[in-house]
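Commentary on secondary and tertiary structure
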Amino acid sequence: MKNYMVPTLMASAIAMASASSFAATTVTIGTVNNGDMIRMQELSPAFEAKYPDIKLEWVVLEENVLRQRLTTDIATGGGQFDVMTIGMYEAPIWGAKGWLEPVGELPAEYDVDDIFTSVKDGLTADGKLFALPFYAESSMTYYRTDLFEKAGLEMPERPSWDQMMTFAKTLHKPDQEQYGICLRGKAGWGENMALISTMSNAFGARWFNEEWKPEFDGADWKSTLSFYVDLLGNYGPPGASSNGFNENLALFNSGKCAMWIDATVAGSFVTDKAQSNIADNVGFALAPKQVTERGAGWLWSWALAAPVSSDAKEAAKSFMTWATSKEYSDLVAEKYGIASIPPGTRHSTYENKDYMEAASFAAMTLESMNKADAVNSTLKPKPYIGVQFAAIPEFQAIGTQVGKVFAGALAGQMSVDDALKSAQSTTDRQMKRAGYYK
């Protein structure tokens, strides 16, 4: 009697082995809900077509929520993410702690030497690169050229904050839903504190003196926060303490902001007629100075990194390499136009005449990036690296708390003096606890 069961079982085993060999590796990507990252997600089918053995899963979150989720996951070794969207603050600190996979060797066509040195340095620790830059940015001034012309105003290449106050007062017409200026007010070390810290640099302040003691009880910080609350409170949109990058971008594109100081990466969005009502009337200037130009514009990169807790490291690296490559930029140019390629990372981008002609913001972006110096970003000497942050592990918690009290001052929930007093005591307590001084 023939045994028909044996070949049937063998066929099933072969089929299962074949299916297993072609089972896709899942790469879970945690990223921020900024426009460039949304484009990245939209273009990801091109990656999956090139790498059919890799399946991408996306977790797209608001900036503050993303940072909290990623920090918790990597500190606990949770392994929820295979690719993390982090920046110049996290990459060197987490890399030095052994939490991130070094990038290692990259294919020759990736051309890692094409990446700006300042950007690579910001993602490096102990001589090892721990993240690949998706885009990089400084900050600059966006303004409505039509409103300036109508009012007889002229924007300097680098205005002062005092000039910004004068312009905002002149152009503020809330009865017409036209607000003099839009600035970040939403609490967060990377939200309102990115803007306020660069403003404080321009006013001559610093986060810490050379003995690591906070200086919120000093005259420079009082001048900074008083000016910020006065400017945005009197000439900004209603509910400014709830507005971050995305909210202000929407306000500016709808024509409700006469001026906006924020990330250079917004250039492609404010000049895109498909999403900006005032695309033909946008001018660009450097971020404002005051008593100094040092540290007036921030330096940042949103970058892709793989945590050591990932169980799909090689697949994660394949995605990171693809999404930050020249090939990806070409794909963006084909789909959205050359002005939309991720800015601020590569020399070749700014050596491309077609890009420079198409992107009216490109020259100012490059100048802003070149002027940003993470080492010499304050008028007085400082012990920390960073323009809009201090590159120490404790800063994330400190900056988050300070951001909350400063947002409270903007919202009228406390006085400027009380907010500064709270910032001083909070920061002093945490720095003592961390052992910076007794």
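Shown above is the structure to which this text applies.
What comes next is a walk through the structure. (Residues numbered from 1 in each chain as written. Predicted model: local features only at pLDDT ≥ 70, side-chain atom pairs only at ≥ 80, totals over all residues. Heavy atoms only, no water.)

**With respect to the environment of Ser-348**
Selection criterion: Segments assigned H or I by DSSP are reported as helices when at least four residues long, segments assigned E as strands when at least two residues long, and all are numbered from the N terminus. The criterion used for residue contact is that any of the two residues' heavy atoms lie within 4.5 Å. Here a polar contact means two N or O atoms within 3.5 Å. Within protein one must be a hydrogen donor candidate and the other an acceptor candidate, and residues neighboring in sequence count only if both atoms are side-chain atoms.
Among the structural elements, Ser-348 can be located in helix H14 (residues 347-350). Sequence separation between Ser-348 and Ala-333 is 15 residues, and the spatial gap between their C-alpha atoms is 14 Å. Once residues lying within four places of it in the same chain are set aside, the contact partners of Ser-348 are Asp-114 and Lys-326. Only 2.6 Å separates the side chain of Ser-348 from the side chain of Asp-114, close enough to count as a polar contact.

**Considerations on helix H10 (residues 245-253)**
Threshold: Exposure classes here rest on a 1.4 Å probe applied to the protein chains alone. A residue is buried below 20% of its type maximum, exposed above 50%, and partly exposed in between.
All of the buried residues in H10 are Phe-245, Asn-248, Leu-249, Leu-251, Phe-252 and Asn-253. At its buried positions, H10 is contacted by strand E7 (139-144), strand E8 (259-263), helix H11 (267-270) and strand E9 (282-286).

**Overview of the packing of aromatic side chains**
Selection rule: Each aromatic pair joins two rings of Phe, Tyr and Trp (for Trp, the six-membered one) with centres within 6.5 Å, and gets the label stacked for planes under 30 degrees apart, edge-to-face for over 60, and tilted for any other angle. Criterion for a charge above a ring: Lys NZ or Arg CZ within 6 Å of the ring centre, and within 35 degrees of the ring normal.
Applying the stated rule across the entire model yields 39 aromatic pairs. Ring centres 6.2 Å apart and planes at 75° place the aromatic pair Trp-161 and Phe-227 in the edge-to-face group. In this pair, Trp-161 sits in helix H7 (residues 161-171) while Phe-227 sits in helix H9 (residues 219-235), placing the two residues 66 residues apart along the sequence. For Phe-227, a relative accessible area of 11% corresponds to the buried category. With 5.8 Å between their ring centres and 35° between their planes, Phe-252 and Trp-260 make a pair best called tilted. A cation over an aromatic ring shows up here: Arg-39 above the ring of Tyr-336, its NZ or CZ 5.3 Å from the ring centre. A cation over an aromatic ring shows up here: Lys-213 above the ring of Tyr-437, its NZ or CZ 5.6 Å from the ring centre.

**Comments concerning unusual backbone geometry**
Phi at Asp-111 takes a positive value of approximately 60°, unusual for a residue other than glycine. Turning to its location among the elements, Asp-111 is positioned in the loop between helix H4 (90-96) and helix H5 (117-122). Positive phi values are uncommon outside glycine, yet Asp-126 reaches one of about 55°. Looking at where Asp-126 falls in the secondary structure, it is placed in the loop between strand E4 (124-125) and strand E5 (128-129).

**Observations regarding the sheet that holds strand E1 (residues 25-32)**
Where we set the bar: Note: two strands are recorded as paired if DSSP finds a minimum of 2 bridges between them. Think of each axis as a best-fit line through the C-alpha atoms, taken over the contacting stretch in the case of a helix, with angles from 0 to 180 degrees between the N-to-C directions.
Taking strand neighbours across the sheet as the criterion, the five strands line up as E2-E1-E3-E10-E6 in an open arrangement whose pairing is mixed. A single partner strand is all that each edge strand has here, and the edge strands are strand E2 (54-61) and strand E6 (132-137). Pairs of neighbouring strands in the sheet enclose a mean axial angle of 15°, with direction left out of account. One ladder, built from two bridges, connects E1 with strand E3 (residues 83-86); its direction is parallel. Its bridge partner being in E3, Gly-30 is matched across the sheet by Met-84. Here helix H3 (residues 63-76) sits on the sheet and contacts E1, E2, E3 and strand E10 (300-305); the angle it forms with E3, its principal contact strand, is near 130°.

**Side note on the pattern of salt bridges**
What counts, and what does not: When a carboxyl oxygen of Asp or Glu is within 4 Å of a side-chain nitrogen of Lys or Arg, the pair counts as a salt bridge.
If you walk through the whole model with that rule in mind, you get 19 salt bridges. Note that Arg-39 and Asp-36 form a salt bridge whose closest N and O atoms lie 3.7 Å from each other. Of this pair, Arg-39 and Asp-36 are both found in helix H2 (residues 35-50), three residues apart, which corresponds to roughly one turn of the helix. Owing to a relative accessible area of 3%, Asp-36 belongs among the buried residues under this scheme. With a closest N to O distance of 2.4 Å, Arg-67 and Glu-63 form a salt bridge. Taken as a pair, Arg-67 and Glu-63 lie in helix H3 at a separation of four residues, close to a single helical turn. This pair shows no difference in class: Arg-67 is buried, exactly as Glu-63 is. Salt bridges linked by common partners bring Glu-62, Lys-186 and Glu-247 together as one network.

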